[in-house]
Amino acid sequence: MTLWRVIAMSAVLLVIVNIQQAQAARSAGDYVVISYHDVVDSTVTPDLDIYSQTITRGRLIEHFNLIALGGYQPVSLQQIINAKAGGQPLPEKAVLLTFDDGYRSFHDIVFPLLKLYDFPAVQAVVGSWLDVPAGGRVPYGNITLPRERFLTWDQVKTLDESPLVEIASHSYNLHYGVVGNPMGNEQAAAVTSMWNTRSGYESEADYLERIRNDMARTRQRFQEQLGSTPRIMVWPYGAYSEATLNLAAEYGMNYTFSLLSAPNQLQDSMRSMNRYLIDQETTLETIEEILSNRVWENEEQRIVHVDLDYVFDPDPIQQEQNLDRLIERISRYGVSTVYLQAYADPDGDGVADALYFPNRHLPVRADLFNRVAWQLKKRANVKVYAWMPVLSFDLGDSFQYVIDVRTGSESPDHYRRLSPYVAKNRNIISEIYQDLGRLTKFDGLLFHDDAFFTDFEDASPEALTTYERASLPRDINAIRNDENLMSIWARLKTEYLTDFTLELAQAANYYRQADNKVFTTSRNLYAVTVMEPRSQRWFAQDIQNFAANYDFVAVMAMPYMEEAENPNEWLRGLAKRSLAQVGADQLVFELQAQNWHTQTPISSEEMAQWVRILREEGIKHIGYYPDDFHQNHPNINVMRPVFSIGRRFRAIQ
């Protein structure tokens, strides 16, 4: 060990030994990926402008010393690939170091340190930035930087020749934001269909061609300058989609990195690997927590249902004021999640007459969902679910809807629902979900409570054909007269609806921007199916089926809607029965803020009491519907003490 390294490690040792060493929560075969950007030596360039994610050389040395002294083992991507293929196992506490953007500091500052510590690393470069001539300016967000702040192709080639460095693509020219909606929100170029005031949204075909051209140009420039093509894509801003993963693989980049903060398991796909973003303010304590997988996260979810019908206003000025009021309220509330209505239902019948996003099949009441969801994500820092119908889309009378066998027509007592047994209907609904994913930004899906069949439905011709293929009588009355056939029929319908929602989730997720939040699904469940198990056949809903297929089961815990004589005791009973079948980590209880029988709001004090009761019974994830931010109902000052999750955390195990 060199004297310089001894001195450097000694200088930081006092800092390191004061870190409270938590017992490592790493598992065999896992690895943690760290993301760095620019590095500056303030003793050499004290006047150099410092931008986000930049760290000092001294801080990087502290991190490297912590890695070395803590027994963490930097590895190369090839070591991970080999271990995954059954070769040499990964060392314990493996860590992969990555550096983004192709700053010159990687050559001048980082590379010597890598050689000193014998640490491998990945450097991701933006091809178009490297192609800027000497003395030029590199576009960097809303500003430009001197070309000299970045690597040259010759330096990249030198780095590439070292066994310690692998050069990755950070795209050729996708490291910028494009206008993603008529309101002017800038969103990541790789995962956004651009909005233009003259021509509207970029078509699906044009979007795909733009991304393909970028991948092709990346491969071409790597081949010309380095004599090889990249196998790694590091997504700008950590934003990618299933579509871009497929496109990257077409051009040889089978390994990609995101910015989802989580460890990676060797058995996981390497199509998109998780990374922790590091900057100057990341403390040594936090680095240790990341490296040992002792990161803290919120233990509970607090969920607010937001109707976009409350935000929408024909007057754009008033609509923007409504949005600001909503964002301020959600920011102050201390909640984790918003279920955001993506469809327009001004008459309150639960059926989508129009949508709040561009699509191929229904009118657009206003192109509003993307704007509101983006603001909630960025300004209120919450996870946003797109709250969508499954079947209740009103496409006009020429389509086949769910039929009640008793009347041979639609039931007047239930939502109008497109029959999912009709291929045309399924295709249209899937295309609506795909349009949602391509033209808006969100983190999860909440499936509306319209995905049900009564014990007299569906009796459409296509449904009868499906039953016959499953060896059931084509005659629903014959099924109803046989207890065994009724059970088989109810299970068939339950699974059919669930399978269809999973297809819709795939359609929505194909173009959807994945960033630093995991894509999750939740589905509404009628409480009566829990309280009276026989009623599962009345709705074709089953709590255990839901738990097996969705991340969360959203139980509609609405005592006044169910006409409970004692709401408090009814909630306790519902909680006990639900927890007996599904773990607390998967259960969401959705309370009601409105008594729809009397058309009056439920008092904030009673809602707060319901939250206390559910927490006492062990329900961790709690939400309510609707939130009337115009009238401050429920009253945030009454709800926040019991509803906010601001300081309740747990360690990831």
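For the structure given in this document, a descriptive report is provided here. (Residues numbered from 1 in each chain as written. Predicted model: local features only at pLDDT ≥ 70, side-chain atom pairs only at ≥ 80, totals over all residues. Heavy atoms only, no water.)

Another point: the nonpolar core. Formed by 112 residues in total, the largest nonpolar core has its most connected members in Leu340, Phe369, Leu376, Phe393 and Tyr433. Counting residues per element, this core draws most heavily on helix α16 (residues 483-511), which supplies nine residues. Counting 41 residues, the second largest nonpolar core, distinct from the first, contains Val32, Tyr36, Leu66 and Leu284. (Core = buried A, V, L, I, M, F, W, Y, C linked by side-chain atoms within 4.5 Å. Buried < 20%, exposed > 50% of the residue type's maximum accessible area, 1.4 Å probe, protein only. Helix = DSSP H or I, 4+ residues; strand = E, 2+ residues; numbered from the N terminus.)

Let us now look at the environment of Tyr433. With respect to the helices, strands and loops of the structure, Tyr433 is situated in helix α13 (residues 423-439). Overall, the relative accessible area of 0% leaves Tyr433 in the buried class. Along the sequence, Tyr433 and Val122 sit 311 residues apart, while their C-alpha atoms lie 36 Å from each other. In contact with Tyr433, other than residues within four places in its own chain, are Met388, Pro389, Val390, Phe393, Leu445, Phe447, Leu504, Ala507 and Ala508. (Contact = heavy atoms within 4.5 Å.)

For a regular strand, side chains alternate in direction, first toward one face of the sheet and then toward the other. Extensive coverage of strand β23 (residues 383-388) is indicated by the burial of six of its six residues. Residue alternation in β23 divides its side chains into two sets, Lys383, Tyr385 and Trp387 and Val384, Ala386 and Met388, and both sets are buried. Judged from the four bridges that link them, β23 and strand β24 (residues 444-447) form a sheet pairing that is parallel. By the bridge assignment for β24, Trp387 is matched with Leu446. Taken together, β23, α13 and β24 constitute a β-α-β crossover, and its handedness is right-handed. (Pairing = 2+ DSSP bridges. Right-handed = clockwise from strand over helix to strand, strands pointing away.)

On to the packing of helix α11 (residues 316-333) against helix α22 (residues 636-643), then. Interhelical geometry of α11 versus α22 gives an angle of 40° and a closest axis separation of 10 Å. Put simply, α11 runs oblique to α22. Contacts between α11 and α22 involve Arg329, Arg332 and Tyr333 from the former and Ile636, Asn637, Met639, Arg640 and Phe643 from the latter. (Axes fitted to C-alpha atoms, helices over the stretch in contact; angles between N-to-C directions. Parallel < 35°, antiparallel > 145°, perpendicular 65-115°, else oblique.)

Glancing now at the sheet that holds strand β27 (residues 587-592). Taken in spatial order, the eight strands close into a barrel running β19-β20-β23-β24-β25-β26-β27-β30, and their pairing is parallel. Neighbour to neighbour, the strand axes of the sheet diverge by 25° on average, direction disregarded. Here five bridges tie strand β20 (residues 337-341) to β23, and the two strands are oriented parallel to one another. In the strand pairing of β23, Thr337 is matched with Lys383. With respect to the sheet, α11 is in contact with β19 (302-306), β20 and β30 (621-625), its orientation differing from that of β19 by roughly 165°. Along the sheet, helix α20 (residues 567-579) contacts β26 (552-556) and β27; its crossing angle with β27, the most-contacted strand, is approximately 160°.

Bringing the pairing of strand β7 (residues 137-140) into the picture now. Only one face of β7 is covered, namely the one carrying Val138 and Tyr140; the face carrying Arg137 and Pro139 has none of its residues buried. With four bridges connecting them, β7 and strand β8 (residues 143-146) associate as antiparallel partners. Considered in β8, the bridge of Pro139 is made with Thr144.

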